[in-house]
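Take a look at the letters that make up each chain.
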Amino acid sequence: MLRPAFAEQEVRNFGSLLAQRAQDRFSDPAFLAEYAAARLVYGAAAYGRPVIGTPESLARITRDEVVRFYQTHYRPDNAVLVISGDIRPDSAFALAERLFGGWARPPAPLPAPPAVRAAPSGASAVLVNVPDMAGATLAVAQPGVGLGDPDYFRALVASTILGGGYTSRLSRQLRVNRPLAEELRTWVDARRGGGLLYATAATDSAASAPEIASALAGGLGDLARGGMAADSELVLRRGFIVAQLAREVETVEGLANRVGAMAARGVGPDRLNRTVQELQEVDAADVRRFAGAHAAGTRVVVVGDARLMQAELRRRFPDLVVIYSGELDLGSVDLRRKPGGE
């Protein structure tokens, strides 16, 4: 952490490894749909870029750029040390002092964080045409909230009502009542300056993709229009969230990871202690208000064979854009590879 060498060969080796990992991810329709949906919601803003980079962008990174990034961001006033386990506070502080006590803060101030405001533009739906692909994969993304946002727990409850577990609304609609979708899930990607609300699914039948896309895209809108059931649904969904969190922090490693992730997003550990209370305070009116405020800006990405679903998708999403998989560029704001580009 304090004295990295960043050997030239090591930088090249890791760059090649990460580029291959990115290529593997982009070959997976599920990841491809998620990354493309994020790009449609955030455009050129930082959260629109694939967090793992692209094979092209990773290949361009030089050792000098890595060193410059380290010198700019790896500093004590931009770091948090989390220690979790059977250790006394005085011993933990002594350990921190021995290892990091000489870490001096640079005189230059921290740079301002990049812009992360969502900027949905262009088509509301994109079909990535993969000829002869069996079935289809879908991702729907909407502008979300940051981890420290007062609406964070409302976002969690709304998302869990829609797709948290087999008894959630979308699962009942698309998997139980009619076996249309597989692997359906929703989640809140809450970062420091904002985030995304995701709903994803896969299907063996490309013909089912348009109906699934409409259901996923309309989920928050349905909640905003008052589609809340009895309080028993809220009790069940809140319990689902608490159980997930309990499993996450039941080990010292899980607890440290959670506290560290919160700190990196500007949230103190005290909020972890308030989680259950804040969840219990979320009522049906809160969910409706949150859904109404975030239903706009929805973007849909479907990956599959265009011949099998393009016409019906265009009927449901008139501004549908079709991009052949060979033309797709997740590094581009409009997702299209530029003529003559990399």
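Summarised in this report is the structure supplied together with it. (Residues numbered from 1 in each chain as written. Predicted model: local features only at pLDDT ≥ 70, side-chain atom pairs only at ≥ 80, totals over all residues. Heavy atoms only, no water.)

A look at unusual backbone geometry
In most cases, non-glycine residues show a negative phi, while peptide bonds are predominantly trans. Notably, E183 is not glycine yet its phi reads approximately 50°, a positive angle. Looking at the element boundaries, E183 is found in strand β3 (residues 182–190). Although it is not a glycine, L335 sits at a positive phi angle of roughly 70°. With respect to the helices, strands and loops of the structure, L335 is situated in the segment after β6 (321–324). L335 gets classed as buried once you look at its relative accessible area, which sits at 0%. (Helix = DSSP H or I, 4+ residues; strand = E, 2+ residues; numbered from the N terminus. Buried < 20%, exposed > 50% of the residue type's maximum accessible area, 1.4 Å probe, protein only.)

As for helix α8 (residues 209–217)
Of all the nine residues making up α8, seven are buried; the element is thus mostly covered by neighbouring parts of the structure. Among the residues making up α8, those that are buried are A209, P210, I212, A213, A215, L216 and A217.

Focus: the pattern of salt bridges
Here the structure, examined in full by the defined rule, presents 20 salt bridges. With its nearest N and O atoms 3.7 Å apart, the salt bridge here joins E8 to R12. Of this pair, E8 and R12 both sit in helix α1 (residues 8–26), separated by four residues, roughly a single helical turn. Residue R315 is joined to E312 by a salt bridge in which the shortest nitrogen-to-oxygen separation is 2.7 Å. Separated by three residues within a single helix, R315 and E312 lie in helix α15 (residues 310–316), roughly one turn from each other. For R315, a relative accessible area of 57% translates into the label exposed. Taking relative accessible area as the criterion, E312 reaches 26% and is therefore assigned partly exposed. Where salt bridges share partners, they join D151, R154, D286 and R289 into one cluster. (Salt bridge = Lys/Arg side-chain N within 4 Å of Asp/Glu carboxyl O.)

Quick word on the environment of G48
Summarising the element assignment, G48 is placed in the loop between α2 (29–42) and α3 (55–59). A residue is classified by how much of its surface remains accessible, and G48, at 0% relative accessible area, is buried. Taking the C-alpha atoms as reference, G48 lies 9.1 Å from L330; in sequence the two are 282 residues apart. When residues no more than four places from it in sequence are discounted, the contact partners of G48 are A38, R39, Y42 and G43. (Contact = heavy atoms within 4.5 Å.)

Notes on the pairing of strand β5 (residues 299–304)
Among the six residues of β5, six are classified as buried, and the element is accordingly described as predominantly covered. Burial along β5 is two-sided: R299, V301 and V303 and V300, V302 and G304, pointing in opposite directions, are all buried. Here five bridges tie strand β1 (residues 125–129) to β5, and the two strands are oriented parallel to one another. Bridge assignment links L127 to a residue of β5, and that residue is V302. Sheet analysis places strand β2 (residues 136–143) next to β5, joined by six bridges and oriented antiparallel. Bridge pairing in β5 links T137 to V303. (Pairing = 2+ DSSP bridges.)

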